[in-house]
Amino acid sequence: MAFTLPDLPYAFNALEPHVDARTMEIHHDKHHAAYVNNLNTALQGTEHEGKSLEELLANIGKLPPAVRNNGGGHWNHTMFWEIMSPDGGGEPTGDLASQINKDFGSFDEMKKQFGQAGVTRFGSGWAWLCADDKGNLSISSTPNQDNPLMDVADKKGRPILCLDVWEHAYYLNYQNRRPDYISAWWNVVNWKEVAKRFK
Ligand code: MN3
């Protein structure tokens, strides 16, 4: 029943030149793998072993920091790999595009606000585009490996798009230029997958 590291759904070099192969390899095989291993270790032999990750996240305020950090790390990275694709980029279409226009005025304005959430997150964390129960969209950011599914999140919601702004996500290629990483990252966003999550 232990958690396992999902395979990356494409090759390490598939997102180049926007995200380099070495970064993807270390990010998936080392960082994500460590979250999975440390999560399993933190849960082993406790009453929480065998619970779903979503159930753990919804009650994370009562759980040890190791479960919060590594459970969030596992959930966030699993989603992050899926919402990127070598065939990504461009713009969303259909209902998702309409909802973005409704809630932000335009796709460019949503991108601007989402990018700003990532750029201004101090230290390490994530930017999020979330839907509420009515399908309304909002942008937020979380520190460390927290996410909007956690009971402790300032702004809760169902994530449909996420961006890792930890330095380990971009430092090899972009060094301290987080805004450049974010600009380039839009070229690999898998809007089909984001639209699926929006539905
Ligand atoms: Mn990461």
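Keep in mind that this is a model prediction, so the values were computed, not measured.

Colleague: What is the right way to read the nonpolar core from this model?
Modeller: A general feature of soluble globular proteins is that nonpolar side chains tend to end up buried together. In this structure, Phe80, Met84, Met110, Phe114, Leu161 and Trp185 are the most contacted members of the largest nonpolar core, which totals 56 residues. Take this core: its biggest share by element is 6 residues, from strand S1 (residues 125–131). Those residues in contact with Trp185, other than ones at most four positions away along the chain, are Phe80, Ile83, Met84, Phe114, Leu161, Cys162 and Leu163.

Colleague: What's the story with unusual backbone geometry in this structure? I'm lost.
Modeller: Apart from glycine, the bulk of residues carry a negative phi angle, and the bulk of peptide bonds sit in the trans form. Omega for the bond connecting Glu16 with Pro17 falls within 30 degrees of zero, at 5°, which places this linkage in the cis form. Of note, the phi angle at Asn144 is positive, near 55°, even though the residue is not glycine. Unlike most non-glycine residues, Gln175 shows phi in positive territory, near 50°. Assignment of secondary structure puts Gln175 in the loop between helix H6 (171–174) and helix H7 (178–185). What makes Gln175 partly exposed here is its relative accessible area of 32%.

Colleague: How do you make sense of the coordination of the manganese ion when you look at a structure like this?
Modeller: When four donors bind a metal tetrahedrally, each ideal donor-metal-donor angle is 109.5 degrees, and when six bind octahedrally, the ideal angles are 90 or 180 degrees. Coordination of the manganese ion by the protein comes from His27 (NE2), His77 (NE2), Asp164 (OD) and His168 (NE2), over a distance range of 1.9 to 2.1 Å. Site description for the manganese ion: donor spacing in sequence, H-x49-H-x86-D-x3-H. Taken together, the positions of His27 in helix H1 (residues 21–43) and His168 in the loop between strand S3 (158–164) and H6 put the pair 141 residues apart, joining distant regions of the chain. One exposure class covers both His27 and His168, and it is buried.

Colleague: When you look at H1 in this model, what are you seeing that I'm missing?
Modeller: Each turn of an α-helix holds 3.6 residues, which means side chains three or four residues apart point in the same direction. Helix length check: H1, at 23 residues, gives a terminal C-alpha distance of 32 Å against a target of 33 Å (1.5 Å per residue), a fit within 8%. Along H1, the sharpest kink reaches roughly 30°, centred on His27. Residues of H1 that are buried include every one of Ala21, Thr23, Met24, His27, His28, His32, Ala33, Tyr35, Val36, Leu39, Asn40 and Leu43, and no others. Each element contacted by the buried residues of H1 is listed here: helix H2 (53–58), helix H3 (65–82), S3 and H6. Count one or two residues on from H1 and you reach Gly45, which has phi positive near 80°.

Colleague: How should I be thinking about helix H4 (residues 94–104) in this particular structure?
Modeller: Among the residues making up H4, those that are buried are Leu96, Ala97, Gln99, Ile100 and Phe104. Each buried residue of H4 lies within a common arc of 165° when the element is viewed along its axis, so the set occupies one face. The outward face of H4, more than 90 degrees from its buried face, is lined by the exposed residues Asp95 and Lys102. Buried residues along H4 sit against helix H5 (107–120), S1, strand S2 (137–143), S3 and helix H8 (191–198). Immediately downstream of H4, the backbone of Gly105 shows phi near 95°, a positive value.

Cut-offs and rules
- Residues numbered from 1 in each chain as written.
- Predicted model: local features only at pLDDT ≥ 70, side-chain atom pairs only at ≥ 80, totals over all residues.
- Heavy atoms only, no water.
- Core = buried A, V, L, I, M, F, W, Y, C linked by side-chain atoms within 4.5 Å.
- Buried < 20%, exposed > 50% of the residue type's maximum accessible area, 1.4 Å probe, protein only.
- Helix = DSSP H or I, 4+ residues; strand = E, 2+ residues; numbered from the N terminus.
- Contact = heavy atoms within 4.5 Å.
- Donors = N, O, S within 2.8 Å, 3.2 Å for Na, K, Ca; no water.
- Expected span 1.5 Å × (residues − 1).
- Bend = angle between axes of the 7 residues up to and from the residue.
- Arc of directions from axis to C-beta.

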